[in-house]
Amino acid sequence: MVSNLVYQAFKKVDRKLFIPNRWIDYAYYDRAIPLDGDSSISQPSLVAQMIDLLELTGKEKVLEVGTASGYSAAILSF
């Protein structure tokens, strides 16, 4: 289970906007999705777990290196 803040951020970010059109049918599955350039967008449950473990309060500045699709960075922005 993740914190309410992380849960609320996930509700605001539509994963479908961050994946290639050919994978659009899998946008809401809890699975990794390949991106161009040998990269992937991680499964939502893993992203939620990683962000939750940061125990952010909203006052921090976060540098995400290798953001790939930008999905995790978008969630962190909330």
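Look above for the structure.
Residues numbered from 1 in each chain as written. Predicted model: local features only at pLDDT ≥ 70, side-chain atom pairs only at ≥ 80, totals over all residues. Heavy atoms only, no water.

**Brief notes about the overall build of the protein**
As a reminder of what qualifies: Comment: elements are numbered from the N terminus, with helices defined as DSSP H or I runs of at least four residues and strands as E runs of at least two. Each radius of gyration is computed over the set of C-alpha atoms, and the globule rule expresses the reference value as 2.2 Å times the number of residues to the power 0.38. Accessible area is worked out with a 1.4 Å probe on protein chains only. A residue is then buried under 20% of its type maximum, exposed over 50%, and partly exposed in between. We call two residues contacting when some pair of their heavy atoms lies within 4.5 Å. Under the convention used here, a 1.4 Å probe and the Shrake-Rupley method define accessible areas, while residue burial counts only the protein chains that appear. Only four residue types enter the tally: Lys and Arg on the positive side, Asp and Glu on the negative side; His and the chain ends are excluded. Every charge is mapped onto a representative atom, which is NZ of Lys, CZ of Arg, CG of Asp or CD of Glu.
When its secondary structure is counted, the protein shows 3 helices and 2 strands. The secondary structure elements of the protein, listed N-terminal to C-terminal, are α-β-β-α-α. The C-alpha radius of gyration of the protein comes to 12 Å, within 12% of the 12 Å expected for a compact globule of 78 residues. Its C-alpha atoms put the protein at 35 × 25 × 15 Å along the principal axes. Across the 78 residues that make up the protein, the buried fraction comes to 26%. Considering only residue pairs separated by 6 or more positions, the protein has 46% of its internal contacts joining residues 24 or more positions apart. Counting only carbon and sulfur atoms, one obtains 54% of the accessible surface of the protein, whose full area is about 5700 Å². Here the protein holds 8 positive side-chain charges and 9 negative ones, and the gap between their average locations is 6 Å.

**Description of the pattern of salt bridges**
Note the cut-off: Put simply, a salt bridge is a Lys or Arg side-chain nitrogen that is within 4 Å of an Asp or Glu carboxyl oxygen.
On inspection of all chains with the given rule, the structure shows 1 salt bridge. R22 serves as the salt-bridge partner of D36, at 3.2 Å between the closest nitrogen and oxygen. Of this pair, D36 sits in the loop between β1 (33-35) and β2 (39-41) while R22 sits in the loop between α1 (4-12) and β1; the two residues are 14 residues apart in sequence, bridging distant segments of the chain. In terms of burial, D36 and R22 fall into one category: exposed.

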